[in-house]
Amino acid sequence: MTVMSLLAAGQFYRYNMTDLIEALHKNKDLPDAELKTIIENGECEQKLFETADSVRRSYYGTDVYIRGLIEFTNYCKNNCYYCGIRRDNQKVERYRLGKEEILSCCKQGYALGFRTFVLQGGEDAAFSDELICGIVSEIKKLYPECAVTLSLGEKSCGSYQSYFNAGANRYLLRHETANTEHYRALHPDSMSLESRKQCLWNLKKIGYEVGSGFMVGSPSQTTECLIEDLRFLQELQPDMIGIGPYIAHQNTPFRDQKNGDLHLCLRLIAILRLMFPDILLPATTALGTIDVQGRELGLTAGANVLMPNLSPVNVRKQYELYDNKICIYEGAAQCRSCLENKVEAMGYHIVTNIGNRKTKKIYVN
Ligand code: 5AD
Ligand code: FES
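What counts as what
- Starting afresh in each chain, residues are numbered from 1 along the sequence in its written order.
- Labels follow written order: the first chain is A, the first ligand is 1, and so on.
- In keeping with the model being predicted, local features are shown solely for residues with a pLDDT of at least 70 and side-chain atom pairs are shown and tallied solely at 80 or more, while totals for entire chains, interfaces and linings include all residues.
- Side-chain figures throughout are based on the complete set of non-hydrogen atoms in the structure, without hydrogens or water.
- Type-normalised accessible area, obtained with a 1.4 Å probe on protein chains alone, sets the label of each residue: buried when under 20%, exposed when over 50%, and partly exposed for intermediate values.
- Segments assigned H or I by DSSP are reported as helices when at least four residues long, segments assigned E as strands when at least two residues long, and all are numbered from the N terminus.
- When DSSP finds two or more bridges between a pair of strands, those strands are recorded as paired.
- Assignment of crossover handedness uses the view with strands pointing away from the viewer, where a clockwise path from the first strand over the helix to the second indicates a right-handed crossover.
- Proximity criterion: a residue is near a molecule or strand once any of its heavy atoms comes within 4 Å of it.
- By the criterion applied in these results, polar contacts are pairs of N or O atoms within 3.5 Å in which, for protein atoms, one can donate a hydrogen and the other can accept it, and in which residues neighboring in sequence qualify only through two side-chain atoms.
- In the scheme used here, Gly and all other residues not listed as nonpolar or charged are polar, with Ala, Val, Leu, Ile, Met, Phe, Trp, Tyr, Cys and Pro taken as nonpolar and Asp, Glu, Lys and Arg as charged.
- To define axes, lines are fitted to C-alpha atoms, for helices over the stretch in contact only, and angles between the resulting N-to-C directions are given on a 0 to 180 degree scale.
- An angle counts as roughly parallel when it lies under 35 degrees, as roughly antiparallel when it exceeds 145, as roughly perpendicular when it falls between 65 and 115, and as oblique in every other case.
- In this analysis, two residues are considered to be in contact whenever any of their non-hydrogen atoms come within 4.5 Å of each other.
- Helix crossings are classified by the rotation of the near helix relative to the far one: an anticlockwise turn of less than a right angle makes the crossing left-handed, while a clockwise turn makes it right-handed.
- Each Phe, Tyr or Trp ring (for Trp, its six-membered ring) is paired with any other whose centre lies within 6.5 Å, and the angle between the two planes then decides the class: stacked below 30 degrees, edge-to-face above 60, tilted in between.
- Only Lys NZ and Arg CZ are tested; either one counts as a charge over a ring when it is within 6 Å of the ring centre and within 35 degrees of the ring normal.
- Each reported salt bridge corresponds to a side-chain nitrogen of Lys or Arg within 4 Å of a carboxyl oxygen of Asp or Glu.
- Nonpolar core, defined: a set of buried Ala, Val, Leu, Ile, Met, Phe, Trp, Tyr and Cys residues in which side-chain atoms within 4.5 Å join the residues together.

Trainee: Break down the pairing of strand 2 (residues 68-73) for me, citing the residues and quoting the values.
Mentor: Burial within strand 2 is extensive, with six of its six residues counted as buried. Note: strand 2 against strand 3 (residues 116-121), five bridges, orientation parallel. Paired with L69 across the strands is V118, a residue of strand 3. Crossover handedness for the path strand 2 to helix 5 (residues 99-111) to strand 3: right-handed.

What follows is the structure, given as structure tokens:
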């Protein structure tokens, strides 16, 4: 069929990349077949990134938000095939930070301008709900204008509710992949996509601001899986979407699998910015690990958040989810100023003051 006859039949297919990018920009959506083309096609990347950057600028200007990550336990009851802190990795030295150590990370972070603390850990039963609630309420008491984000994996609805009641504002739980078979290929039978999704719905219902996301280039992922991820996110409508390349870890069953691709990851960041114009989109540590310039490139492709580490340097090496993770030896202050330089060099600015979100809700930073 010629283009003319397609047009006549009312089935004009946008075969030109520029048209596709413009259509995604305008409609914030595309049919699956067209999404597939944009995801797989590196040809017009620059145009894609520039369009995403223009959208990020129209919502956020040159603002970059920072969130201080505190990796407080690397004990985990789960055994995800890709993850360096999986239960069966006997080679990792396990650690837990005490309440006072966590509070001291917050204190240091606060002095450096952080106004969001992200408490992230493996699924560790030693941190009872009571303990978590005590830590959350203490942080909120000491820093009432700060947001507390939790990232502790799958918990019961009751547990999520108790953390929320204690003052937690946000929760990060990546869905990892929205395709059932792919989920099965990445996780042992004790885990399921269904319960993952249920947790996300529970978190939303309770009133958390929710972050989800997925790995790019994880073993057996196809473009169709990625499209399912995008469709699921359209349904979920989270506040943040965290994506980063899969990176092999030497002490996991996936040690020989190949790493995710930087450019595929950047294209997905840009696509997410066009589909979810006001979303919070971090340039992740994994992106900075796969390429020295990864996070900077992420910012220019539409990302607007950075989440540096506030954990004590002596435990950082032990929270290695993947090989060669960056910022293992740099302290909080060092990462903070390193990021300031990187962000400024790209023409963006880190913001630390309060109430400057330009979208539907007024957030603390
Ligand atoms: N490579 C990249 N990302 C990983 N994560 C866990 N293991 C890896 C890995 N090997 C991501 C998961 C998890 C987040 C905290 O880190 O998506 O949700
Ligand atoms: Fe940690 Fe650059 S962000 S050293």
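After that view of the structure, there is still more to cover.
Trainee: Tell me what's going on with the site of ligand 1, and back it up with residues and numbers.
Mentor: Around ligand 1 sit Y82, C83, R174, E176, M215, P245, Y246, I247, L321 and Y322, and that is every residue in its neighbourhood. Between ligand 1 and R174, the relevant distance is 2.9 Å, taken from an oxygen atom to a side-chain nitrogen or oxygen of the residue. E176 has a polar side-chain atom sitting 2.5 Å from an oxygen atom of ligand 1. Of the residues belonging to the shell around ligand 1, the class tally is eight nonpolar, no polar and two charged.

Trainee: Just give me the short version of the packing of helix 2 (residues 17-27) against helix 11 (residues 262-275), but keep the residues and values in it.
Mentor: Axis separation between helix 2 and helix 11 bottoms out at 7 Å; the angle between their running directions is 40°. Classified by the angle between their axes, helix 2 and helix 11 sit oblique to one another. Between helix 2 and helix 11, the contacting residues are I21, L24 and H25 on the first element and I271, L274 and M275 on the second.

Trainee: Summarise the side chain of Q318; cite the residues concerned and give the values.
Mentor: By the element assignment, Q318 lies in the loop between helix 14 (313-316) and helix 15 (332-345). A distance of 3.3 Å separates a polar atom in the side chain of Q318 from the backbone oxygen of E93. When neighbours within four sequence positions are excluded, Q318 is seen to be in contact with N74, I85, V92, E93, R94 and Y95.

Trainee: Could you give me a rundown of the packing of helix 2 against helix 4 (residues 45-60), with the residues and numbers involved?
Mentor: Between helix 2 and helix 4, whose axes approach to 10 Å, the crossing angle comes to 20°. Judged on the interaxial angle alone, helix 4 and helix 2 are roughly parallel. Crossing handedness for the pair helix 2 and helix 4: right-handed. In this structure, helix 2 contributes T18, I21, E22 and H25 to the contact, and helix 4 contributes K47, L48, T51 and V55. By residue class, the composition of the contact of helix 2 with helix 4 is three nonpolar, three polar and two charged.

Trainee: A description of unusual backbone geometry should follow, citing residues and the corresponding values.
Mentor: One non-glycine residue, K28, adopts positive backbone phi at about 55°. Tracing the chain through its elements places K28 in the loop between helix 2 and helix 3 (32-40). You can call K28 partly exposed: its relative accessible area is 36%. In this structure, S220 is a non-glycine residue whose phi angle is positive, near 65°. Tracing the backbone shows S220 in the loop between strand 6 (209-216) and helix 10 (223-236). Among the residues examined, S220 registers a relative accessible area of 54% and is labelled exposed.

Trainee: Give a description of the packing of aromatic side chains that names residues and reports values.
Mentor: Applying the stated criterion across every chain, the model contains nine aromatic pairs. Clustering of aromatic rings is evident, with ring pairs tying together Y160, F164, Y171 and Y208. The ring of Y75 is capped by R96, whose NZ or CZ atom sits 3.7 Å from the centre of that ring.

Trainee: If you had to explain the sheet that holds strand 1 (residues 63-66) to someone new, which residues and values would you point to?
Mentor: Within the open sheet, the three strands sit side by side as 8-1-9. Their pairing is parallel. In the strand order of this sheet, the two ends are held by strand 8 (305-306) and strand 9 (349-351), each with one partner. Summarising the sheet, strand 1 and strand 9 pair through three bridges and their orientation is parallel. In the sheet register, D63 faces strand 9, and the bridge partner there is H349. Taken strand by strand, helix 15 contacts strand 1, strand 8 and strand 9, and its axis lies near 130° from that of strand 9.

Trainee: Which residues make up the pattern of salt bridges, and what are the values?
Mentor: This model, assessed by the stated rule, comprises 20 salt bridges. In this structure, K47 engages E22 in a salt bridge whose closest nitrogen and oxygen atoms are separated by 3.1 Å. Of this pair, K47 sits in helix 4 while E22 sits in helix 2; the two residues are 25 residues apart in sequence, bridging distant segments of the chain. Using a relative accessible area of 28% as the deciding quantity, one classes K47 as partly exposed. Overall, E22 belongs to the partly exposed group, its relative accessible area being 35%. For R267, the salt bridge identified is with E45, shortest N-O distance 2.7 Å. Of this pair, R267 sits in helix 11 while E45 sits in helix 4, and the two are 222 residues apart along the sequence. Residue classification places R267 among the buried residues on the basis of a relative accessible area of 7%.

Trainee: Could you give an account of the nonpolar core, naming the residues involved and the relevant values?
Mentor: Membership of the largest hydrophobic core comes to 100 residues, with the highest contact counts inside it found for F117, I139, L150 and Y163. With eleven residues, the top contributor of residues to this core is helix 11. For Y163, the residues in contact, after removing those within four places along its chain, are D129, I132, C133, V136, L150, L152, K155, A168, Y171 and Y208. Grouped together as the second largest cluster of nonpolar side chains are ten residues, Y65, L69, V118 and M307 included.

Function cannot be read off these values alone, since they describe shape.
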